[in-house]
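The residues making up each chain are set out below.
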Amino acid sequence: MTEKTALTPKTHTTPPAAFSHGVRKGNILQVAGQVGFLPAEDGKPPTPAGPTLAEQTLQTLANVKAILEEGGASWDDAMMIRVYLTDVDHFAEMNEMYDAYFEEQGLTQPPAARTTVYVGLPKGLLIEIDALAVLD
Amino acid sequence: MTEKTALTPKTHTTPPAAFSHGVRKGNILQVAGQVGFLPAEDGKPPTPAGPTLAEQTLQTLANVKAILEEGGASWDDAMMIRVYLTDVDHFAEMNEMYDAYFEEQGLTQPPAARTTVYVGLPKGLLIEIDALAVLD
Amino acid sequence: MTEKTALTPKTHTTPPAAFSHGVRKGNILQVAGQVGFLPAEDGKPPTPAGPTLAEQTLQTLANVKAILEEGGASWDDAMMIRVYLTDVDHFAEMNEMYDAYFEEQGLTQPPAARTTVYVGLPKGLLIEIDALAVLD
């Protein structure tokens, strides 16, 4: 039997319901929808990195990465990245941040596929990202 | 060659187009977007379990579960659950239902990852859920 | 080590950011969100097949198919197809196109699972589709 492991980086706030920030089973790793919350602090409610798309995009990507790494994966293993924005006008700026971020990460394999759609998100949140990874 | 099997619980209404309620191929099982329709009755159009979020949430989870089980899986195998709501104000109530439901299910493995976003759905439907599972 | 391969059909426009139109790793193939852009032409910006849902739906499905085939897969390998529409009133027409399209494709295995939700998309685009496939 292959075990399913919950991936819970120490930096992450407690999920608001009965779900895992990430799970890995065999070579499949799924990251739950992450938002731009700063690393958790005891006794403080989840707090976004800032009000701007730029701040939230970088923090969200860092939060996804922490879960990939908790499961022994890296961005190189990411197959699909789903980006949820709240405003079509944020697409160009998000892409700029996204490109700069991944250039810095120094991928050694092709970048993941991606879908970006525009949805509603809780007040104050401008971006949410989840990811599917396949490990070696 | 690994076969792809359609998963069609007897309780389910016919899909409105050329898609399967669920498919399994090897150890991967994908559940299509489910809504809160009651078990199908001959000659009756698909009917939601009720107008409320609570009624629809529980029926939708039951519909997802039926497909997992049709494919030889259980909630313990679920890696990712995608929840689509129509109203950010429904988040807290959906989470309450979700937590109570999964507590009752008696999971023996960590809960699946999850993403919740707010989208449009056909009139009268307040929630849609799909799921990806990896079997042993 | 299993390699991740980028799938880039010659007909496709360059992605607007650091993502792949599709990736394959082992037996998992993920197609990025496709829209109804016509085959790329040097020096021309990406151009939708037309303003109508019918035109865009068929072109989008063709674009997804090209990526599946670039990765050695076919519609028969598709496990999940995610359809993003902008208007609930487009559901019936999309389904008609979808059914007719897949009847023509002559699937030899059950159709993929599917989720359809209603979101915002960039101006002029009425449909976006992505897909997950599992190969033999």
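Figured I'd write up the structure that's included with this text. Predicted, not measured: the structure shown is a model, and the values here were computed from it. (Residues numbered from 1 in each chain as written. Chains lettered and ligands numbered in written order. Predicted model: local features only at pLDDT ≥ 70, side-chain atom pairs only at ≥ 80, totals over all residues. Heavy atoms only, no water.)

We now examine the relation of the copies chain C and chain B. Here chain C sits on chain B after a turn of 120° about the axis and a move of 0.0 Å along it, with an RMSD of 0.0 Å. Taken together, the rotation angle and the small translation identify this as a three-fold axis. Residues of chain C ranked by C-alpha distance from the rotation axis are headed by C:Val119, positioned 3.3 Å from it. A share of only 14% of interface residues in chain C that are also interface residues in chain B marks the association as one of differing surfaces. (Least-squares fit on C-alpha atoms with pLDDT ≥ 70 in both. Contact = heavy atoms within 4.5 Å.)

Moving on: the environment of A:Gln109. With respect to the helices and strands, the residue A:Gln109 is situated in the loop between α2 (91-105) and β5 (113-118). Take A:Gln109: its relative accessible area is 11%, and that puts it in the buried class. When the C-alpha atoms of A:Gln109 and A:Ala78 are compared, they prove to be 9.6 Å apart, with 31 residues separating the residues in sequence. Within the structure, A:Gln109 has its side chain in polar contact with the backbone nitrogen of C:Lys4 (distance 2.8 Å). (Helix = DSSP H or I, 4+ residues; strand = E, 2+ residues; numbered from the N terminus. Buried < 20%, exposed > 50% of the residue type's maximum accessible area, 1.4 Å probe, protein only. Polar contact = N/O pair within 3.5 Å; in protein donor to acceptor, adjacent residues only side chain to side chain.)

Attention shifts here to the sheet that holds strand β1 (residues 4-6) of chain B. Residue and element names in this part refer to chain B. One open sheet accounts for 6 strands, arranged β1-β2-β3-β6-β4-β5; its pairing is mixed. The strands lining the two open edges of the sheet, one partner per strand, are β1 and β5 (113-118). Averaged over all adjacent pairs, the angle separating strand axes in this sheet is 10°, with direction ignored. Two elements, strand β4 (residues 78-85) and strand β6 (residues 127-134), share 7 bridges in a ladder whose sense is antiparallel. By the bridge assignment, Met80 is partnered in β6 with Leu132. (Pairing = 2+ DSSP bridges. Axes fitted to C-alpha atoms, helices over the stretch in contact; angles between N-to-C directions.)

Right, let's talk about the sheet that holds strand β3 (residues 28-34) of chain C for a bit. All names here are of chain C. Taken in spatial order, the 6 strands of this open sheet run β1-β2-β3-β6-β4-β5, and their pairing is mixed. Because the sheet does not close on itself, it has two edges, and the strands there are β1 (4-6) and β5 (113-118). Adjacent strand axes in the sheet meet at a mean angle of 10° when their direction is disregarded. Relative to β5, strand β4 (residues 78-85) is paired through 6 bridges, and the arrangement is parallel.

The subject of this paragraph is the interface of chain C and chain B. Taken together, the 28 residues of chain C in the interface contact 29 residues of chain B. Where chain C abuts chain B, roughly 2,300 Å² becomes buried across the two surfaces, and 59% of that area is made up of carbon and sulfur atoms. The largest per-residue losses of area from chain C upon contact with chain B belong to C:Met79, C:Gln109 and C:Asp136, which jointly make up 23% of the total buried on that side. At the junction of chain C with chain B, the criterion picks out 3 salt bridges. Inspection of the region where chain C meets chain B yields 16 residue pairs in polar contact (both at pLDDT 80 or more). (Buried area = accessible area lost by both parts, 1.4 Å probe. Salt bridge = Lys/Arg side-chain N within 4 Å of Asp/Glu carboxyl O.)

For the pair chain A and chain B, the relating rotation is 120°, the translation along its axis is 0.0 Å, and the fit reaches an RMSD of 0.0 Å. By residue overlap, the copies meet through two different surfaces: only 14% of the interface positions of chain A are interface positions in chain B.

Moving on to the pattern of salt bridges. Summed over all chains, the structure comprises 12 salt bridges over all chains. In this structure, the salt-bridge partner of A:Asp130 is B:Arg82, at a minimum N-O distance of 2.8 Å. Of this pair, A:Asp130 sits in strand β6 (residues 127-134) while B:Arg82 sits in strand β4, each in a different chain. One exposure class covers both A:Asp130 and B:Arg82, and it is buried. One network of salt bridges, in which partners are shared, links A:Lys25, B:Asp77 and B:Asp136.

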